[in-house]
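Understanding the architecture of this molecule
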Amino acid sequence: MFCCLKSCLNGVLPAQSVHITKTSNPVQLDSSHMGHEVVIIKNGTRACGTGGVLANAPLVQSKSYFEVKLQQSGHWSIGLATQQTDLNQSVGGKDRESWCLNSNHLVLHGGDVIYRLDASKAAGVPNGGQNSPGHITTTPPGTVSVDLGPVSAPAFPAPGSASGTDGGLPQEGDTIGVAYDHVELNFYLNGKNLNVPVLNVRGTVHPCLFVDDGAILDIVLDSFAYGPPPGFERILVEQSLL
């Protein structure tokens, strides 16, 4: 934990003390809804340690968008969750209250693989489908195959979509965009749609981050690196919607 905290604070705060100032943006990571071993710093925008954390604002507007910078690799999950999700898990999407893209390139909900890498060449794992159950242990972290496929969904990356720094797969230094319009949850890699839409997101959901194994994530709530898709905007608190 000490090593992770040291990495988290590197270049952000003096070594002698941890002084947190209030951010001008009212939306930030919520210290009252996080796992016991999660560390939040950088004015409520950086998460490290082990476990999950929610943002303090639910997604109540019609079309909302935020970004997450992958500051340091490790095991991570990015997506949406209700306040009922288990934030002491180190992986998002393992329960019915969270929907997450994970560092092992699986999109999970309720422990089921909604989208998964075709790891047949790397690990002998068949493709999963929209209703195909799976477990995060079936595809080891670090798989570099780029074919992702529910049978009825586009391959990952789809033709004409993201071509990231490592064949379209998220890695350290990349930015993951998250767009939600109460119909679909979509993920973007460095501004390009990954074409892995998640349907049937239910309940009052918040942005969520999960970290483990040295991962450091920064949530970006305005001044985006790539900007929201047309019609989407930064997360608004309920008072600003009136």
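Residues numbered from 1 in each chain as written. Predicted model: local features only at pLDDT ≥ 70, side-chain atom pairs only at ≥ 80, totals over all residues. Heavy atoms only, no water.

**Side note on the overall build of the protein chain**
Heads up, the rule is: Labels follow the DSSP assignment, with helices taken as runs of H or I lasting at least four residues and strands as runs of E lasting at least two, numbered in each case from the N terminus. Each residue gets one of three labels from its accessible area relative to the maximum for its type: buried under 20%, exposed over 50%, partly exposed in between, using a 1.4 Å probe on protein chains only. Per-residue and other accessible areas follow the Shrake-Rupley method at a 1.4 Å probe size, with only the shown protein chains counted as cover for residues.
What the protein chain contains, in helices and strands, is one helix and 14 strands. Within the protein chain, buried positions represent 50% of all 242 residues. Here the protein chain displays about 11,100 Å² of accessible surface, and carbon together with sulfur accounts for 50% of that area.

**A closer look at the pairing of strand β13 (residues 216-220)**
We count it as follows: At least two bridges found by DSSP between two strands are what make those strands a pair.
Along β13, four of the five residues are buried, which leaves the element largely enclosed by surrounding structure. In the sheet, strand β3 (residues 46-55) pairs with β13 via two bridges, with the strands oriented antiparallel. Following the sheet pairing, Ala 47 is matched in β13 by Leu 217. In this sheet, β13 lies alongside strand β4 (residues 64-72) in antiparallel orientation, the contact comprising five bridges. By the bridge assignment for β13, Lys 69 is matched with Asp 218.

**A few points about the pattern of salt bridges**
To keep things clear, this is the line we draw: By definition here, a salt bridge exists when the distance from a side-chain nitrogen of Lys or Arg to a carboxyl oxygen of Asp or Glu is within 4 Å.
Overall, the coordinates contain three salt bridges when judged by the stated rule. Between Asp 218 and Lys 42 there is a salt bridge whose closest N-O contact spans 3.1 Å. Highlighted residues: Asp 218 in strand β13 and Lys 42 in the loop between β2 (37-41) and β3, separated in sequence by 176 residues. Owing to a relative accessible area of 33%, Lys 42 belongs among the partly exposed residues under this scheme. A salt bridge links Asp 112 to Arg 96, with the nearest nitrogen and oxygen atoms 3.9 Å apart. Placement of Asp 112 in strand β8 (residues 112-115) and of Arg 96 in the loop between β5 (75-81) and β6 (98-102) is noted, with a sequence separation of 16 residues between them. In this structure, a network of salt bridges that share partners links the residues Lys 42, Arg 46 and Asp 218.

**Some remarks on the pairing of β8**
Looking along a regular strand, one sees the side chains alternate between the two faces of the sheet. The sheet contact formed by strand β7 (residues 107-109) and β8 spans three bridges and is antiparallel. Of the residues in β8, the one forming a bridge with Leu 108 is Val 113. Once β7 ends, the chain turns through two residues before running back antiparallel as β8, passing Gly 110 with a positive phi of about 60°.

**Some remarks on the environment of Ile 219**
What counts, and what does not: In what follows, a contact means two residues having at least one pair of non-hydrogen atoms within 4.5 Å.
Inspection of the secondary structure puts Ile 219 in strand β13. Taking the relative accessible area as the measure of exposure, Ile 219 reaches 4% and is therefore buried. Apart from residues lying up to four places away in sequence, Ile 219 is in contact with Leu 29, Gly 44, Thr 45, Phe 66, Glu 67, Val 68, Pro 207 and Leu 209.

**Considerations on the packing of aromatic side chains**
Let me state the cut-off plainly: Side-chain rings of Phe, Tyr and Trp (the six-membered ring for Trp) are treated as a pair once their centres are within 6.5 Å; stacked means planes under 30 degrees apart, edge-to-face means over 60, and tilted covers the remaining angles.
Throughout the structure, instances matching the rule amount to one aromatic pair. Centre to centre, the rings of Tyr 65 and Phe 224 are 5.0 Å apart; their planes meet at 80°, and the pair counts as edge-to-face. Residue Tyr 65 is located in strand β4, and its partner Phe 224 is located in the loop between β13 and β14 (233-234); the two are separated by 159 residues in the primary sequence. Look at Tyr 65 and you get buried, because its relative accessible area is 2%.

**As for the nonpolar core**
Across soluble globular proteins, you tend to see nonpolar side chains buried next to one another. How we decide: In plain words, nonpolar cores are sets of buried Ala, Val, Leu, Ile, Met, Phe, Trp, Tyr and Cys residues tied together by side-chain atoms within 4.5 Å.
Counting 37 residues, the largest nonpolar core has Ile 78, Leu 80, Leu 185, Phe 187 and Leu 209 as its most contacted members. Apart from residues no more than four positions distant in its own chain, Leu 209 is found in contact with Leu 29, Ala 47, Gly 51, Gly 52, Val 53, Val 68, Ser 77, Ile 78, Leu 217 and Ile 219. Counting six residues, the second largest nonpolar core, distinct from the first, contains Leu 54, Cys 100, Cys 208 and Phe 210.

**Some details on the confidence of the model for the protein chain**
Test applied: pLDDT expresses how confident the predictor is about each individual residue, on a scale running from 0 to 100.
In the predicted model, the protein chain carries a mean pLDDT of 78, and the fraction of residues at 70 or more is 67%. Below a pLDDT of 50 lies the segment residues 15-23, which in the model reaches eight contacts outside its immediate sequence neighbourhood of four places, other chains included. Note that residues 117-167 has pLDDT below 50 and, in this model, 104 contacts with residues that lie over four places away or in other chains.

**Some points on the environment of Gly 93**
Structurally, Gly 93 is set in the loop between β5 and β6. For the pair formed by Gly 93 and Asp 112, sequence separation is 19 residues and the distance between their alpha carbons is 7.9 Å. When near neighbours in sequence (up to four residues on either side) are disregarded, Gly 93 contacts Ser 98, Cys 100, Leu 108, His 109, Gly 110 and Gly 111.

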